[in-house]
Amino acid sequence: MSERKHQIRALHTDSTVTVYQAYAPEVGLPAARDGRFPAAWKRDRMTWIKPSFLWMMYRCGWATKEGQETVLAVEITREGFEWALENSCLSHYERGLHPDRAAWQRQLKRSPARVQWDPERDLHLQPLPYRSLQVGLAGEAAARYADEWIVSVQDVTALAHAVHAHVREGELEAARQLLPAERRYPAGDALLAHLVG
């Protein structure tokens, strides 16, 4: 299991899994305050959730990129997370996994969720040899995410800044101590068979 290139590592409990997103303050702050996304949140756009805190830091530049200044830790039900995986398609064609490119394109059009595997990141945001999950939610999946799966929403922007400050000072152990306790998510082979080439 430890040799696997594709891993879901996440902060999770028996009933929930935490994913990360970054938004402009006008979306992120009300979401954290109210525990749900505000009207300004675009339901008709694909929304990407990431179980990896450090991959989120890579994506949002430690909460410095425009429109990504507020980092949210969104705790969702494991049932919802696994529904997204079951109803997702890889975002790219993979020879051997899909019968052919046309079959993959048909599956992609039908699927309300899509999956990308990107290199996991270390504290310096450099790529690691194994891959981290991203799930894009659209249509039914985005609606279920916003209306049914969310258990809590927390603003973790201050945490992002604190970890980054330690990294800048070369205090890697102090930075590591602040990271969310992400561990292997118990996704069975059947759950990921259509998502791992």
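Here, every reference points to the structure presented above.
Visitor: Whenever I open this one, the sheet that holds strand 7 (residues 127-137) confuses me. Can you help?
Guide: Whenever strands of a sheet pair, they do so through backbone hydrogen bonds, lying parallel or antiparallel. The mixed open sheet is built from four strands, whose spatial order is 3-7-6-5. Strands with a single pairing partner mark the edges of an open sheet, and in this sheet they are strand 3 (47-49) and strand 5 (88-90). Averaged over neighbouring strand pairs, the angle between their axes works out to 40° when direction is ignored. The pairing of strand 5 with strand 6 (residues 113-121) spans three bridges and is classified as parallel. The residue bridging C89 from the neighbouring strand is R114, located in strand 6. Set on the sheet, helix 4 (residues 101-110) makes contact with strand 5 and strand 6; between it and strand 5 the angle comes to about 145°. Its contacts with the sheet put helix 5 (residues 139-149) on strand 3, strand 6 and strand 7, and the angle it makes with strand 7 is roughly 85°.

Visitor: Honestly, the pattern of salt bridges in this entry has me stumped. Any pointers?
Guide: Pairs may arise between side chains of opposite charge once their charged atoms sit close together. Tallied over the full model, the rule gives four salt bridges. For D34, the salt bridge is made with R33, and the minimal N-O distance between the two is 3.0 Å. Residue classification places R33 among the exposed residues on the basis of a relative accessible area of 63%. Two residues, D147 and R43, come together in a salt bridge whose shortest N-O distance is 2.6 Å. Placement of the pair is D147 in helix 5 and R43 in the loop between helix 1 (25-34) and strand 3, with a sequence separation of 104 residues. Of the residues examined, R43 reaches a relative accessible area of 44% and is grouped as partly exposed.

Rules used in this analysis
- Residues numbered from 1 in each chain as written.
- Predicted model: local features only at pLDDT ≥ 70, side-chain atom pairs only at ≥ 80, totals over all residues.
- Heavy atoms only, no water.
- Pairing = 2+ DSSP bridges.
- Helix = DSSP H or I, 4+ residues; strand = E, 2+ residues; numbered from the N terminus.
- Axes fitted to C-alpha atoms, helices over the stretch in contact; angles between N-to-C directions.
- Contact = heavy atoms within 4.5 Å.
- Salt bridge = Lys/Arg side-chain N within 4 Å of Asp/Glu carboxyl O.
- Buried < 20%, exposed > 50% of the residue type's maximum accessible area, 1.4 Å probe, protein only.

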